[in-house]
Amino acid sequence: MTTTLARCVIAALSLTIISAAAAVAESPYPTPTRDGRERLPRHGTCPTGYVGVGNKCEALHQDTPRAYPYVPGTACPSGTFRSGDYCKAFR
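What comes next is a walk through the structure. (Residues numbered from 1 in each chain as written. Predicted model: local features only at pLDDT ≥ 70, side-chain atom pairs only at ≥ 80, totals over all residues. Heavy atoms only, no water.)

Note: strand β2 (residues 38-41) against strand β4 (residues 56-59), 3 bridges, orientation antiparallel. The residue bridging Leu-40 from the neighbouring strand is Cys-57, located in β4. Connecting strand β3 (residues 50-53) to the next strand, β4, in antiparallel fashion are 2 residues, including Gly-54 with a positive phi near 65 degrees. (Pairing = 2+ DSSP bridges. Helix = DSSP H or I, 4+ residues; strand = E, 2+ residues; numbered from the N terminus.)

Counting 7 residues, the largest nonpolar core consists of Leu-40, Cys-46, Tyr-50, Cys-57, Ala-59, Ala-67 and Tyr-86. Aside from chain neighbours lying at most four places away, what touches Tyr-50 is Glu-38, Leu-40, Cys-57, Glu-58, Ala-59, Leu-60, Thr-64, Pro-65, Arg-66 and Ala-67. (Core = buried A, V, L, I, M, F, W, Y, C linked by side-chain atoms within 4.5 Å. Buried < 20%, exposed > 50% of the residue type's maximum accessible area, 1.4 Å probe, protein only. Contact = heavy atoms within 4.5 Å.)

Moving on to the sheet that holds β2. Taking strand neighbours across the sheet as the criterion, the 4 strands line up as β1-β2-β4-β3 in an open arrangement whose pairing is antiparallel. Among the strands making up the open sheet, the edge pair consists of β1 (31-32) and β3. As defined by bridge partners, β3 adjoins β4 across 4 bridges and the pair is classed as antiparallel. The residue bridging Val-53 from the neighbouring strand is Lys-56, located in β4.

Below, the discussion takes up the pattern of salt bridges. Inspection of every chain in the model, using the stated rule, returns 5 salt bridges. Arg-82 is the salt-bridge partner of Asp-85, the closest N and O atoms lying 3.8 Å from each other. The class of Asp-85 is partly exposed, set by a relative accessible area of 26%. Bridged by salt links that share partners, the residues Asp-35, Arg-37, Arg-39 and Glu-58 form one connected network. (Salt bridge = Lys/Arg side-chain N within 4 Å of Asp/Glu carboxyl O.)

Scanning the model with the defined rule gives 2 disulfides in all. Across the disulfide, Cys-76 is cross-linked to Cys-87 (sulfur-sulfur distance 2.1 Å). Residues Cys-76 and Cys-87 share a disulfide whose torsion about the S-S bond is about -80 degrees; that sign makes it left-handed. Here Cys-87 lies in strand β7 (residues 86-89) and Cys-76 lies in the loop between β5 (67-69) and β6 (80-83), a separation of 11 residues in the sequence. (Disulfide = S-S within 2.5 Å.)

On to the pairing of β2, then. As paired elements, β1 and β2 share 2 bridges and run antiparallel to each other. Across the sheet, Thr-31 pairs through a bridge with Arg-39, a residue of β2. Between the end of β1 and the start of β2, which pair antiparallel, lie 5 residues, with Gly-36 showing a positive phi angle near 90 degrees.

Have a look at this one:
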């Protein structure tokens with residue numbers, strides 16, 4: 001009986017730790033704000049059309065083209081250009 005209880009407690013703690021770690025991990029990709037604008041985690045200079053707000057870069061308008069983090073040593077993907085420390089989509 002005690003072994004079963006200990007296993008249940010260990011399983012519950014493991015699930016709690018895993019879910020907390022997933023919540024703390026932040027995506028490097030754009031996420032929408034409540035008003036429909038894009039928000040990026042800040043990695044250096046924000047791209048054009050975005051403004052730095054704390055540790056985030058927020059789009060000035062809802063129709064601002066998406067931006068993605070630039071990977072050093074590589075070219076920006078097709079259909080994007082380098083803007084600040086990001087690759088930004090053409091209109």
